[in-house]
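These are the residues of each chain, in order.
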Amino acid sequence: MTESCGQEQTRWITTVIMSTALQDHEISTLLQRQQHRVRYSESVETGSVIFPLSGIAFILSDTQDLLRTGEEEFSKSIQKFINIHRNSFLVLSAVLHGPEEWSVMFRIQRRFLGSNLRVIPVHNPAETVKLMLTMAKVTSKPQADDTRCKIEMTKAQIIEKSPVWKMLQEYQLHRN
């Protein structure tokens, strides 16, 4: 294989659509500092962060706010969110994930079991941004194609250098 699988390391920058409720949030500031194109929209679910080029969407929630306001109203907004977004993630933030926070997370997971919602616990905005950018990057088309190419090259090299493969080839030669 002589083709190059994107060997050059360029800085990855993408477009992010966020709900206007997050306009003054630290997550918005962190994304803008990293030069990502942040756009705000009133038409998306409150707390949403969408990566349109990657096809994934996150809805952010603080576990303590959820405990105070109740889960029923939150469940309705989550249901609307997962009906719109195919690859959806609920990012539950808490400084410390104690028994109450884990209980909330398990109830939400049980409520949306079988749906396309994945629940991810985080501790702070920096961790949230790192998580979202990592997932958005690996699911973006050029990056996904590059990863697929690298896997194919690795597989070919493993097969090429495998003693078992060589033994099978010799066995095949002796059979013919």
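Nothing here was measured: the structure is a model prediction, and the numbers come from that model. (Residues numbered from 1 in each chain as written. Predicted model: local features only at pLDDT ≥ 70, side-chain atom pairs only at ≥ 80, totals over all residues. Heavy atoms only, no water.)

So what exactly am I meant to see when it comes to the overall build of the protein chain here?
A count of helices and strands for the protein chain gives seven helices and six strands. In sequence order, the secondary structure elements of the protein chain are arranged as β-α-β-β-β-α-α-β-α-β-α-α-α. The buried share of the protein chain, reckoned over its 176 residues, is 38%. In the protein chain, the share of contacts with a sequence separation of at least 24, taken over all contacts with a separation of at least 6, comes to 67%. Counting only carbon and sulfur atoms, one obtains 54% of the accessible surface of the protein chain, whose full area is about 11400 Å². Side chains of the protein chain carry 21 positive and 19 negative charges; the gap between the two charge centres is 6 Å. (Helix = DSSP H or I, 4+ residues; strand = E, 2+ residues; numbered from the N terminus. Buried < 20%, exposed > 50% of the residue type's maximum accessible area, 1.4 Å probe, protein only. Contact = heavy atoms within 4.5 Å. Areas by Shrake-Rupley, 256 points an atom, 1.4 Å probe, with all protein chains shown as cover. Lys, Arg positive; Asp, Glu negative; His and termini not counted. Charge placed at Lys NZ, Arg CZ, Asp CG, Glu CD.)

Would you mind showing me how to read the nonpolar core here?
Inside soluble globular proteins, nonpolar side chains tend to come together where they are buried. Core analysis: the largest hydrophobic core is formed by 21 residues, its most contacted members being M18, L31, V49, F51, F58 and L60. At the level of elements, strand 1 (15–19), helix 1 (26–33), strand 3 (48–51), strand 4 (56–62), strand 5 (87–93), strand 6 (117–122) and helix 5 (125–139) are the ones that each hand at least two residues to this core. When residues in this core are grouped by element, the largest group, five residues, is from helix 5. Look past the residues within four positions of L60 in its chain and what remains in contact with it is L22, I27, G47, V49, V91, T128 and M132. One finds L66, I78, I108 and L117 within the second-largest nonpolar core, a separate group that totals 17 residues. (Core = buried A, V, L, I, M, F, W, Y, C linked by side-chain atoms within 4.5 Å.)

Can you help me understand the pairing of strand 2 (residues 37–41) in this one?
Put simply, side chains in a regular strand alternate between the two faces of the sheet. Across five bridges, the pairing between strand 1 and strand 2 is parallel. Across the sheet, S19 pairs through a bridge with S41, a residue of strand 2. Crossover connection from strand 1 via helix 1 to parallel strand 2: handedness right-handed. (Pairing = 2+ DSSP bridges. Right-handed = clockwise from strand over helix to strand, strands pointing away.)

Can you walk me through a nonpolar patch on the surface in this structure?
A contiguous nonpolar surface patch, about 480 Å² in accessible area, is contributed by I159, V164, W165, M167 and L168. Considering every element that reaches the nonpolar patch, the biggest residue donor is helix 7 (residues 163–175), with four residues. Checked against the element boundaries, W165 lands in helix 7. (Patch = residues over 30% accessible without salt bridge, like charges linked within 9 Å, V, L, I, M, F, W, Y side chains within 5 Å. Salt bridge = Lys/Arg side-chain N within 4 Å of Asp/Glu carboxyl O.)

I keep staring at the layout of surface pockets and nothing clicks. Help me out?
Each pocket or cavity is described by its volume, and for the largest pocket that value is around 500 Å³. Forming the boundary of the largest pocket are 23 residues, of which G47, L60, S61, D62 and D65 lie nearest the centre. Those elements giving two or more residues to the lining of the largest pocket turn out to be strand 4, helix 2 (63–69), helix 3 (71–84), strand 5 and helix 5. Examining the composition of the lining of the largest pocket, we find that four residues originate from one element, strand 4, more than from any other. Of the residues contributing to the lining of the largest pocket, the split by class is ten nonpolar, ten polar and three charged. (1 Å grid on protein atoms, 1.4 Å probe; cavity = no way out; pocket = protein on both sides within 12 Å on 5 of 7 lines; lining within 4 Å. Points joined across faces, edges and corners; volume = space filled by probe spheres on them. Nonpolar A, V, L, I, M, F, W, Y, C, P; charged D, E, K, R; others polar.)

Can you help me understand the pattern of salt bridges in this one?
When the charged atoms of two side chains with opposite charge come close together, those side chains can pair. Evaluation of the coordinates by the stated rule reveals two salt bridges. Close ionic contact of D65 with R68 constitutes a salt bridge, the shortest N to O distance being 2.4 Å. Taken together, the residues D65 and R68, both in helix 2 and three residues apart, mark about one turn of the helix.

Function-wise, these values are silent; they only describe arrangement.
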